[in-house]
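# Residue-level structure breakdown
Given next are the chains, with one letter for each unit.
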Amino acid sequence: MSLHGKVALVTGGAQGIGRAGVEHLLENGAKVALVDLNQSVGEECKSDLDGQFGEDNCIFIQCDVTDARKLRDAFQNTVEKFGRLDIVINNAGINNEKNWEKTIEVNLTSVIQGTYLALEHMSKEYGKEGGVIINISSMAAFLHSPHQPVYTATKHGVIGFSRAIAQDASEQGNYGVRINTLCPAFVDTQLLRTVEHEETMGKFVKYKDEFKQRMDKYGVLKPSLIAEGMLRMITDESLNGAVMKITCSKGIHFHTYEPLSA
Ligand SMILES: NC(=O)C1=CN([C@@H]2O[C@H](COP(=O)(O)OP(=O)(O)OC[C@H]3O[C@@H](n4cnc5c(N)ncnc54)[C@H](O)[C@@H]3O)[C@@H](O)[C@H]2O)C=CC1
Ligand SMILES: CCCCC/C=C\C=C\C(=O)C/C=C\C/C=C\CCCC(=O)O
């Protein structure tokens, strides 16, 4: 899949992993809507990207992904601006064990909502041309860290939902939409700093030194490597229902599942 002439929507696209993904998409000729809660960081990001890639290739849409109506409008505005939609990256996420209900809303409910909206705008079942969805999970889904139980649960949920809907898309329906999941290990972004604070970690903040030891042990990745993984999941048309892992020790690789036996 060539990215020239394609249109992408990236949630949480104003900084961190999302922004790295947006930059890679623009570098490869796509037009991008970056959808983010943070107005000031979003505007600054859009202004930087305009300088790098030209003014008509990127829009910033301020939107809380947990607001279903606003998320629907963000998809609609993207299609109205660029005329089509081909790639959706449901990336916005938080790490908040204290307000764990919010963590479920942002990390799981909004990913489900974003996937269904993406299908409405891209699926052949709705008369559209097909496309690709990437849902961002985490290596936390494989480590079962006792220090972040709800974050871990949401990231498990993202994998389960994405694999189930990918199978539906390829086997039951004729969506023409591939759905893949990406699981990074630690990445150097603002989210990683949340381990320092009681207002995000709640009672688990007492483990902050342990968290840091884990980061020293496993290493911390650069957002640009995660963006490379995203690009591969978009351009490699053989990938559907795939679960990509990205770690310092093994780089970009895939999780394998045993076939079910009777
Ligand atoms: N940084 C890390 O070590 C890892 C991060 N991830 C996942 O990667 C994704 C991106 O995280 P990072 O770039 O690290 O975080 P980040 O905190 O640097 O960036 C997240 C972006 O999402 C936006 N956002 C947060 N809540 C939102 C909402 N309700 N509506 C719209 N936008 C919202 C923020 O404003 C921010 O721009 C998340 O899903 C995270 O769980 C996965 C594995 C490791
Ligand atoms: C346990 C630390 C909690 C830190 C919470 C903050 C951010 C969350 C980040 C993630 O989503 C990443 C979580 C875990 C993956 C870490 C390393 C796995 C590396 C495995 C390997 O190299 O084989």
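All of these numbers come straight from a predicted model, not from anything done at the bench.

## A few points about the nonpolar core
With 32 residues, the main nonpolar core has Leu25, Leu34, Ile87, Ile89, Ile134, Leu182 and Ile234 as its most contacted residues. The greatest single-element share of this core, amounting to five residues, is contributed by helix α9 (residues 223-235). If sequence neighbours within four positions are ignored, Ile87 has contacts with Met1, Leu3, Lys6, Val7, Ala8, Leu9, Leu25, Met122, Val132 and Ile234. Cys63, Ala118, Ile133 and Ala166 belong to the second-largest nonpolar core, a separate cluster that totals 28 residues.

## Side note on the site of ligand 2
Taken together, 18 residues form the shell around ligand 2, and within it Ser138, Gln148, Tyr151, Val195 and Ser249 come nearest. Interatomic distance of 2.7 Å between a side-chain N/O atom of Tyr151 and an oxygen atom of ligand 2. Here an oxygen atom of ligand 2 and a side-chain polar atom of Ser249 are 3.2 Å apart. Within the complex, 91% of the 620 Å² of free accessible area of ligand 2 lies under protein. No other element matches the three residues that helix α8 (residues 208-218) contributes to the shell around ligand 2.

## Observations concerning the packing of aromatic side chains
Here the structure, examined in full by the defined rule, presents one aromatic pair. Between the aromatic rings of Tyr116 and Phe161, the centroid separation amounts to 5.7 Å while the plane-to-plane angle is 90 degrees, which identifies the pairing as edge-to-face. With Tyr116 in helix α4 (residues 100-122) and Phe161 in helix α6 (residues 149-172), this residue pair connects regions lying 45 residues apart in the sequence. Above the face of the Tyr257 ring, Arg163 is positioned so that its terminal group lies 3.6 Å from the ring centre.

## Brief notes about the confidence of the model for the protein chain
A low pLDDT score tells you not to read the predicted coordinates there in detail. In this model, the protein chain carries a mean pLDDT of 95, and residues with pLDDT of at least 70 account for 99%. The secondary-structure element of the protein chain with the lowest mean pLDDT is α6, recorded at 91, while strand β1 (residues 7-11) shows the highest, at 99. With pTM at 0.97, the complex prediction returns an ipTM value of 0.95.

## Some thoughts on the packing of helix α1 (residues 16-27) against helix α2 (residues 39-53)
At a minimum axis separation of 11 Å, α1 and α2 run at an interaxial angle of 25 degrees. Classified by the interaxial angle, the pair formed by α1 and α2 is roughly parallel. Here α1 runs over α2; the crossing is right-handed. Across from Arg19, Val22, Glu23, Leu26 and Glu27 in α1, the residues of α2 making contact are Cys45, Asp48, Leu49, Gln52 and Phe53. Broken down by class, the residue content of the contact of α1 with α2 amounts to five nonpolar, one polar and four charged.

## Concerning empty space enclosed by the protein
Empty space left among the atoms is revealed by rolling a probe the size of a water molecule over them. One pass over the full model with this rule turns up one cavity of 30 Å³ or more. Considering only enclosed or pocket space, the largest cavity measures out at about 40 Å³ in volume. For the largest cavity, the full set of lining residues is Thr11, Val65, Leu71, Asn90, Ala92, Val106, Ser110 and Val111. If one sorts the elements of the lining of the largest cavity by residue count, α4 sits on top with three residues. The residue makeup of the lining of the largest cavity, split by class, is five nonpolar, three polar and no charged.

Definitions and limits used
- Residues numbered from 1 in each chain as written.
- Chains lettered and ligands numbered in written order.
- Predicted model: local features only at pLDDT ≥ 70, side-chain atom pairs only at ≥ 80, totals over all residues.
- Heavy atoms only, no water.
- Core = buried A, V, L, I, M, F, W, Y, C linked by side-chain atoms within 4.5 Å.
- Buried < 20%, exposed > 50% of the residue type's maximum accessible area, 1.4 Å probe, protein only.
- Helix = DSSP H or I, 4+ residues; strand = E, 2+ residues; numbered from the N terminus.
- Contact = heavy atoms within 4.5 Å.
- Near = heavy atom within 4 Å.
- Polar contact = N/O pair within 3.5 Å; in protein donor to acceptor, adjacent residues only side chain to side chain.
- Areas by Shrake-Rupley, 256 points an atom, 1.4 Å probe, with all protein chains shown as cover.
- Phe/Tyr/Trp six-rings, centres within 6.5 Å; stacked < 30°, edge-to-face > 60°.
- Lys NZ or Arg CZ within 6 Å of the ring centre and 35° of its normal.
- pLDDT = per-residue confidence, 0-100.
- Axes fitted to C-alpha atoms, helices over the stretch in contact; angles between N-to-C directions.
- Parallel < 35°, antiparallel > 145°, perpendicular 65-115°, else oblique.
- Left-handed = near helix turned anticlockwise from the far one by under 90°.
- Nonpolar A, V, L, I, M, F, W, Y, C, P; charged D, E, K, R; others polar.
- 1 Å grid on protein atoms, 1.4 Å probe; cavity = no way out; pocket = protein on both sides within 12 Å on 5 of 7 lines; lining within 4 Å.
- Points joined across faces, edges and corners; volume = space filled by probe spheres on them.

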